[in-house]
Structures are given as C-alpha cells and as structure tokens.
Amino acid sequence: MSKIEIIPAIDIIDGKCVRLSQGDYNRQTIYDASPLDMARRYADIGVRRLHVVDLDGAKASSPVNLPVLEKLAGVDGLEIEWGGGIKSDRALADIFSAGARYAVVGSVAARQPELFAGWLDEFGPDRMVLGADISNGKIATHGWLETDEKSVEDIVDLFLLNGLSQAIVTEISRDGMLSGPATSLYVSLQDKYPDVIFTVSGGIGSEQDVIDLDRAGLRRVIIGKAIYENKIPLKFIQEWLQNA
C-alpha cells in the first residue's frame, strides 16, 4: 500500500501567504515567503499537488487572486488544487483558464447541489473536488462565515451517483491550531465510502501526526501552518515523498 500523499497548503490574502486560526479572518498570521517562492520550494522537493485557497475569493464569492494562480500554475511539475469563491460557471472557467488542475468546491455543493453535480458530470470527478468544511459536525460555507444544517455524510451522499471520488474534509476547530487531526472522523468516512478519497485537513502539527494517519490507512493529508512554523520540516516531506 502506498504512503499517504502529503499536499502542502498555501492560503492567500492580498497576494500574500497567510494562515488563519480556526477560520477566523481576524486571527491571521502573514508569512514573509511569497506564494510563488513557496510553490517553487515545494516543487523542488518533489511535491506534485499543491492546495491553494483564495481567502479573498471565499469572502467575495468570486475568485480574486487569479494572477497568483497563473504564476503558481507555471511552476514545473506542480498541479494546483484551487479553492475559494468558485460559485458560478464563469468562476470555474476562470480558475481552469488560469491554470488550476483541480477545483475545490464547498459552498455551492452545500447550497446549490445541482450546480456542483452538473460540474462533476461536465468536467469529471478527476478534476472536481468536494470541499466539506465542518464546524460542530455541520457544514460551514462562504469562507466559514456561515453554517448549514447538512452533515459531511449528507453532502457526500448527494454526489455519489455523479461519480464523486475526492473530498477534502476540514475540521475548522482544529485548523491552524497544530493540535492534531480528527483521525477517527476520517477513518469512519473512508470506511463508509471506500470509493472516495478523503483528504485530512486541519490540526496537523507534527511528523508523528502524518505517520499515524498513514498507519490508519488514510490516503491524503493537507499540511499548512506546521510547515511555516517548522513543526514539519521540508526535509521530512522530501524524504516521505521519495519513499512513497
């Protein structure tokens, strides 16, 4: 069995790398490295998939940092997984035109499921990724500023017939807190939906967290703040990818 895939995360506000704590825009840390510099570093150590969130776009309900996306998509060897503000056919077309390989869709999937189902049919489950961000067991939407009554299972069930094969589930209470992931949540989802790859997101704070998720049989993990804070060094990621 192959090792869990590490997917570094870059969150963008005003074209800069930031990390939020528990999804709170008022609790953000801005980092010196530019998104492009970070993307090149990741590509240099063998990263192939990069998770990027346009936080301005999430708030504005439309992609904002498309010029940044174009630069990131130009880095050799990287495939960009882009989320934030993808709420219309035009927005989806814009991010694909700017170079995104994968589109992460959350709010539309929760509030306009027929639109996301249509995108799955049109562009295929290889490119469309469900973004299920949860707060107290319920789906959060619109840059985590609003909550919905649906659960993760409710959302996943809606799109199985359309071939859904990828979902990123973020536990908001743990996001940016480096306190460890909600492993049991992901294991239960993976067991219930074996044909869907669930990406662990939120709380990763150490190399041991990655090792434990791998041992639990999970297949993808997003790491953000732990890299910037040097809790998980790039050398560890490089060696992990080389031995995958």
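Scroll up for the structure.
Structural notes, computed from the coordinates.

Conventions and cut-offs
- Residues numbered from 1 in each chain as written.
- Predicted model: local features only at pLDDT ≥ 70, side-chain atom pairs only at ≥ 80, totals over all residues.
- Heavy atoms only, no water.
- Buried < 20%, exposed > 50% of the residue type's maximum accessible area, 1.4 Å probe, protein only.
- Helix = DSSP H or I, 4+ residues; strand = E, 2+ residues; numbered from the N terminus.
- Pairing = 2+ DSSP bridges.
- Arc of directions from axis to C-beta.
- Contact = heavy atoms within 4.5 Å.
- Phe/Tyr/Trp six-rings, centres within 6.5 Å; stacked < 30°, edge-to-face > 60°.
- Lys NZ or Arg CZ within 6 Å of the ring centre and 35° of its normal.
- Core = buried A, V, L, I, M, F, W, Y, C linked by side-chain atoms within 4.5 Å.
- Salt bridge = Lys/Arg side-chain N within 4 Å of Asp/Glu carboxyl O.

This next bit is on the pairing of strand S7 (residues 128-135). Of all 8 residues that make up S7, 7 are buried, and the element is covered over most of its length. Bridge count between strand S6 (residues 102-105) and S7: 3 bridges; the pairing is parallel. Bridging from a neighbouring strand, Val 105 pairs with Leu 130 of S7. Both S7 and strand S10 (residues 166-171) contribute to a ladder of 5 bridges, which runs parallel. Residue Ala 132 lies in a different strand from S10, and its bridge partner there is Val 169.

Time to look at helix H4 (residues 89-97). If you check which residues of H4 are buried, you get Ala 91, Leu 92, Ile 95 and Phe 96. Along the axis of H4, the buried residues cluster in a sector spanning 130°; they form a single face. In H4, those exposed residues whose orientation departs by more than 90 degrees from the buried face are Asp 89, Arg 90 and Ser 97. Along its buried surface, H4 packs onto helix H3 (66-73), strand S5 (79-83), S6, helix H6 (113-123) and S7.

Another aspect to go through is the packing of aromatic side chains. Per the stated rule, a full pass over the model turns up 5 aromatic pairs. Judged by centre distance (6.1 Å) and plane angle (50°), the ring pair of Tyr 193 and Phe 198 falls under tilted. A centroid spacing of 5.7 Å and a plane angle of 35° characterise the contact between Phe 236 and Trp 240, whose relative ring orientation is tilted. Taken together, the residues span about one helical turn, with Phe 236 and Trp 240 both in helix H11 (residues 234-242) at a distance of 4 residues. Taken individually, Phe 236 and Trp 240 each receive the classification buried, so the pair is uniform in this respect. Sitting above the plane of the Tyr 102 ring, Arg 49 keeps its charged end 3.7 Å from the centroid.

Let us look at unusual backbone geometry. Positioned with a positive phi, Ser 61 is a non-glycine residue whose angle comes to about 60°. The residue Ser 61 is located in the loop between helix H2 (55-60) and H3 in this model. The partly exposed category is assigned to Ser 61, whose relative accessible area is 33%.

The next thing to look at is the nonpolar core. Most often, soluble globular proteins keep nonpolar side chains buried together rather than apart. Counting 71 residues, the largest nonpolar core has Trp 82, Ile 95 and Phe 116 as its most contacted members. Tallying contributions element by element places helix H1 (residues 35-44) first for this core, with 5 residues.

Glancing now at the pattern of salt bridges. This structure, assessed with the given rule, holds 4 salt bridges. The partner of Arg 220 in a salt bridge is Glu 5, and the shortest N-O contact between them spans 3.4 Å. Of this pair, Arg 220 sits in strand S12 (residues 220-223) while Glu 5 sits in strand S1 (residues 5-13), placing them 215 residues apart in sequence. In this structure Arg 220 comes out as buried when scored by relative accessible area, which is 12%. A relative accessible area of 26% places Glu 5 in the partly exposed class.

Quick look at the environment of Glu 171 now. Secondary-structure assignment places Glu 171 in strand S10. For the pair Glu 171 and Tyr 193, spaced 22 residues apart in the sequence, the C-alpha separation amounts to 18 Å. Each residue touching Glu 171, except ones within four places of it in the same chain, is listed here: Ile 134, Ala 182, Tyr 186, Ser 201 and Gly 202.

Such coordinate-based values are descriptive only and should not be taken to indicate function.
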